[in-house]
Amino acid sequence: MHESPVPSPWVVRWAGLVPEGGEVLDVACGHGRHMRFFRGRGHAVTGVDRSPEAIAAVRAVGEAVQADIENGPWPFADRRFAAVVVTHYLWRALLPTIVAAVAPGGVLLYETFAAGNETVGKPSRPDFLLQPGELLSACAGLRVVAYEDGFLSGPDRFVQRIAAVRIQPGSSPPRHLL
């Protein structure tokens, strides 16, 4: 199955939260639809995926890191990003690491499948479906700007998605969050 070249409407909707010119990390980047989208907005982009084919497809777009982030070390241990984008990917053990990769003033844009999806299609294994409120809990240290947990059609699916910002210590939230 090939992913759509069109960026997620959720990511597009909240892309304005990403600090201008900030570096964007696309986790489980696939063929780079979000890398291309953010590069087109003037951001430096980095993608990580375990697939050699995916990495080959994004090498010309930005920094491309081939890594098995589920069984190996997190390749960005000393880096923070203005945005971390995750769509259609869940590995619970990495949730704290992904959240920690958001720099002060940066944003997490996350969208993946949720419980209930097993009634309409794949993925259907509980390991790959967020439980109610799970994404909110994972983002406890961030300021949630938007959150949804429910059913979407076209194609039918259950999702959780969040846009959350790490407020810089000692500063007020950006005006667009007030």
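Please refer to the structure higher up on the page.
The shown structure was predicted, so the numbers you read here are calculated from the model rather than taken from an experiment.

## Digging into the side chain of Glu 111
Reasoning step 1: Topologically, Glu 111 is positioned in strand 5 (residues 102-113).
Reasoning step 2: For Glu 111, a relative accessible area of 5% corresponds to the buried category.
Reasoning step 3: Within the local environment of Glu 111, its side chain forms a polar contact with the side chain of Arg 161, the two groups lying 2.9 Å apart.
Reasoning step 4: Not counting residues up to four positions away in its chain, the partners in contact with Glu 111 are Ser 8, Trp 10, Val 86, Thr 87, His 88, Leu 152, Gln 160 and Arg 161.

## Thoughts on the packing of aromatic side chains
Reasoning step 1: One pass over the structure, following the stated rule, counts five aromatic pairs.
Reasoning step 2: For the pair Phe 37 and Phe 38, a centre-to-centre distance of 5.0 Å together with 75 degrees between the ring planes defines the contact as edge-to-face. For the residue pair Phe 37 and Phe 38, the accessibility class agrees, reading buried in each case.
Reasoning step 3: Seen in terms of ring centroids, Phe 151 and Phe 158 are 5.2 Å apart; in terms of plane orientation they differ by 65 degrees. Their pairing is edge-to-face.
Reasoning step 4: Every member of this aromatic cluster is reached through a ring pair, and the members are Trp 74, Phe 76 and Phe 81.

## As for the sheet that holds strand 6 (residues 143-152)
Reasoning step 1: Strand order in the open sheet formed by seven strands is 3-2-1-4-5-7-6, and the pairing between neighbours is mixed. Edge positions in the open sheet fall to strand 3 (63-66) and strand 6, since each of these has one partner strand only. On average, each strand axis in the sheet is inclined to that of its neighbour by 10 degrees, with strand direction left out of account.
Reasoning step 2: The sheet strands contacting helix 2 (residues 33-40) are strand 1 (24-27), strand 2 (45-49), strand 3, strand 4 (81-87) and strand 5, and the helix crosses strand 2 at an angle near 175 degrees.

## Overview of the environment of Gln 66
Reasoning step 1: Tracing the sequence through the fold places Gln 66 in strand 3.
Reasoning step 2: We classify Gln 66 as partly exposed; its relative accessible area is 47%.
Reasoning step 3: Considered as a pair, Gln 66 and Ala 54 are 12 residues apart in the sequence and their alpha carbons are 8.6 Å apart.
Reasoning step 4: When neighbours within four sequence positions are excluded, Gln 66 is seen to be in contact with Asp 49, Arg 50, Ser 51, Pro 52 and Ile 55.
Reasoning step 5: In this structure the side chain of Gln 66 is engaged in a polar contact, spanning 3.4 Å, whose partner is the backbone oxygen of Arg 50.

## Overview of unusual backbone geometry
Reasoning step 1: With an omega of -5 degrees, the peptide bond between Lys 122 and Pro 123 qualifies as cis.
Reasoning step 2: Within the fold, Pro 123 resides in the loop between strand 5 and helix 5 (134-138).
Reasoning step 3: In this model, Gly 154 is joined to Pro 155 through a cis peptide bond whose omega is 5 degrees.
Reasoning step 4: Here Pro 155 is to be found in the loop between strand 6 and strand 7 (157-165).
Reasoning step 5: Despite not being glycine, Ala 28 has its phi angle at roughly 55 degrees, a positive value.
Reasoning step 6: The topology assignment puts Ala 28 in the loop between strand 1 and helix 2.
Reasoning step 7: In this model, His 88 sits at a positive phi of 55 degrees, which is unusual for a non-glycine residue.
Reasoning step 8: Residue position: His 88 is located in the loop between strand 4 and helix 4 (95-100).
Reasoning step 9: A residue is classified by how much of its surface remains accessible, and His 88, at 44% relative accessible area, is partly exposed.

Rules used throughout
- Residues numbered from 1 in each chain as written.
- Predicted model: local features only at pLDDT ≥ 70, side-chain atom pairs only at ≥ 80, totals over all residues.
- Heavy atoms only, no water.
- Helix = DSSP H or I, 4+ residues; strand = E, 2+ residues; numbered from the N terminus.
- Buried < 20%, exposed > 50% of the residue type's maximum accessible area, 1.4 Å probe, protein only.
- Polar contact = N/O pair within 3.5 Å; in protein donor to acceptor, adjacent residues only side chain to side chain.
- Contact = heavy atoms within 4.5 Å.
- Phe/Tyr/Trp six-rings, centres within 6.5 Å; stacked < 30°, edge-to-face > 60°.
- Pairing = 2+ DSSP bridges.
- Axes fitted to C-alpha atoms, helices over the stretch in contact; angles between N-to-C directions.

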